[in-house]
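# Per-entry structural report
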Amino acid sequence: MLLRLFEAVQAMPASLAIRESRYLYPVIESVHVLSLCLFLGLVTMMDLRLVSATMRSAPVTEVQQRLFPWQMLGLAVMAVSGVLLVFTEPLRFYGNIFFWMKMTLLVLAGLNMVVFHTGVYQRVADWDAHPVPPTSARIAGGLSLVLFAGVVICGRLIAYNWYK
Amino acid sequence: MELLPVIEWLEHTGAGTAIRDSTWLFPCIEAGHLLALALMGGSVLLVDLRMLGLGVTRLPVAQVCRDARPWLIGSFVVLVVTGVLLFLSEATKCYLNPAFWIKMAFLIAGTVFTFAVRQRVALAGGAEVDPAMARRVAVISVVLWSGVGIAGRAIAFY
């Protein structure tokens, strides 16, 4: 089912066009890697605030609201360039264990964010200015750091297809 | 003095050879380089955004700069160490690669600018920094570090 989809995409003229272009693929790849600084860099700063490792004198909501637009800009660039990379060579990714590990970790990182924002962040008014956020917020921050580190490591390893 | 013999000697040091001969060492060091890149990107942008008046404006520039500093320095050290290891394993290839030298030029400029100029401007006075000056410094910082990143990525394309 999924394999059919990947095969169909691989056969699309647009996919072939990027695959055969000398410059497009490297450019998209570079955009994907460098927007890491904007997206993950600022997500990491927010996570570090949650684990009380930076900006302890700033309210959590201030850090969250001020960094959020930049994180979302970075996410948009990462998502578009990432989808394009898979779009270009779907079958290479389909058979790559690190790709699926990365996708799994991304889903888990996303779930962690949802749990945080619908959970302890709903009561942020009670702990906004605390230098050390409550345990569940610190766990969310720590989990985010670990999961996204895994995303980066697996992402890098996609280039090395050791296991097929 | 000729540089190439030195480069060739570096490539044949124990570390260079070990990384080249191992299947997984190079990719793992690369992954560490990337993780530190994300952290350094975040700690540079946190301060630059604040200097542009766009970031965590509740805190003074100097405070944001002090808060980001340990992460900036820590990630910078990891980037340099992992970068040197990656270089050792393919020193001759880097030597012949124009993107590598462009990256080194941006890296030196970015490092000097960040630690000699930007940190000084951001930490100066303790009160507020002249906003126009802060903006100029932040733009230069973003441009220099983007140059390092783009040229670094381009090393793989030569």
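Our subject in this report is the structure included herewith. (Residues numbered from 1 in each chain as written. Chains lettered and ligands numbered in written order. Predicted model: local features only at pLDDT ≥ 70, side-chain atom pairs only at ≥ 80, totals over all residues. Heavy atoms only, no water.)

### What about the interface of chain B and chain A?
The condition that has to hold: The contact criterion used is simple: two residues touch if any of their non-hydrogen atoms lie within 4.5 Å. Accessible area, probed at 1.4 Å, shrinks when two parts are joined; the buried area is that loss added up over both. Salt bridge criterion: a side-chain nitrogen from Lys or Arg within 4 Å of a carboxyl oxygen from Asp or Glu. Within 3.5 Å is the distance limit for a polar contact, defined as a pair of N or O atoms, with the added protein rule that one can donate a hydrogen and the other accept it, and that residues adjacent in sequence qualify only through two side-chain atoms. Only DSSP runs of H or I reaching four residues or more are called helices, and only runs of E reaching two or more are called strands; each is numbered from the N terminus. Any residue that is not Ala, Val, Leu, Ile, Met, Phe, Trp, Tyr, Cys, Pro, Asp, Glu, Lys or Arg is counted as polar, Gly included; the first ten are nonpolar and the last four charged.
Of the residues lining the interface, 31 residues belong to chain B; the matching set on chain A comes to 32 residues. Both sides of the chain B and chain A interface together cover about 2800 Å² of buried area, and 76% of this is carbon and sulfur. At the junction of chain B with chain A, the criterion picks out three salt bridges. Across the pair Glu 62 of chain A and Arg 58 of chain B runs a salt bridge whose closest N-O atoms are separated by 3.8 Å. The tally of links between chain B and chain A comes to eight residue pairs in polar contact (both at pLDDT 80 or more). Of all the secondary structure elements, the ones that give two or more residues to the side of chain B that touches chain A are α3 (25-51), α4 (61-89) and α7 (131-154) of chain B. The greatest single-element share of the side of chain B that touches chain A, amounting to 15 residues, is contributed by α3 of chain B. Taken together, the residues of the side of chain B that touches chain A sort by class into 19 nonpolar, eight polar and four charged.

### Notes on the packing of helix α3 (residues 24-50) of chain A against helix α4 (residues 60-88) of chain A
All names here are of chain A. Defined as follows: Lines are fitted to the C-alpha atoms to define the axes, a helix being fitted only along its stretch in contact, and any angle between axes, read from their N-to-C directions, falls within 0 to 180 degrees. To sort the angles, those under 35 degrees are grouped as roughly parallel, those over 145 as roughly antiparallel, those from 65 to 115 as roughly perpendicular, and the leftovers as oblique. Helix crossings fall into two classes, left-handed where the near helix is turned counterclockwise from the far one by less than a right angle and right-handed where it is turned clockwise.
Interhelical geometry of α3 versus α4 gives an angle of 155° and a closest axis separation of 8 Å. Overall, the two elements α3 and α4 adopt an arrangement that is roughly antiparallel. Regarding α3 and α4, the two cross each other, and that crossing is left-handed. In terms of residue class, the contact of α3 with α4 is built from 21 nonpolar, eight polar and two charged.

### Concerning the pattern of salt bridges
Side chains carrying opposite charge are able to pair once their charged atoms draw close together. One pass over the structure, following the stated rule, counts six salt bridges over all chains. Here Glu 29 of chain A ties to Arg 153 of chain B by a salt bridge, and the two come within 3.4 Å at their closest N and O atoms. Of the two residues, Glu 29 of chain A is situated in helix α3 and Arg 153 of chain B in helix α7; the pairing between them involves two chains. Where Glu 30 of chain B meets Arg 156 of chain A, a salt bridge forms, and the shortest distance between an N and an O atom there is 3.1 Å.

### Quick notes on unusual backbone geometry
All names here are of chain A. Selection criterion: Exposure categories follow from relative accessible area, calculated using a 1.4 Å probe and restricted to protein chains: below 20% of the type maximum is buried, above 50% is exposed, and the middle band is partly exposed.
Look at Ser 52: it is not a glycine, yet its phi comes out positive at around 65°. Position of Ser 52 relative to the elements: it lies in the loop between α3 and α4. The phi dihedral of Met 55 is positive, around 45°, even though this residue is not glycine. Tracing the backbone shows Met 55 in the loop between α3 and α4. We classify Met 55 as buried; its relative accessible area is 0%.

### Let's talk about the environment of Leu 48 of chain A
Here Leu 48 of chain A shows up in helix α3. When the C-alpha atoms of Leu 48 of chain A and Val 124 of chain A are compared, they prove to be 16 Å apart, with 76 residues separating the residues in sequence.

### A look at a nonpolar patch on the surface
All names here are of chain A. Quick reminder of the rule: Only residues whose relative accessible area exceeds 30% and that take part in no salt bridge are eligible for patches, with like-charged residues grouped when within 9 Å of each other and nonpolar side chains (Val, Leu, Ile, Met, Phe, Trp, Tyr) grouped when within 5 Å. Note that accessible areas follow from Shrake-Rupley with a 1.4 Å probe, and for residues the cover is restricted to the protein chains shown.
Side chains of Tyr 23, Val 27, Val 31, Leu 73 and Val 77 sit close together on the surface and give an oily, nonpolar patch of about 440 Å² of accessible area. Elements with a minimum of two residues in the nonpolar patch: α3 and α4. As for its position among the elements, Tyr 23 is in the loop between α2 (13-20) and α3. Since its relative accessible area comes to 57%, Tyr 23 is described here as exposed.

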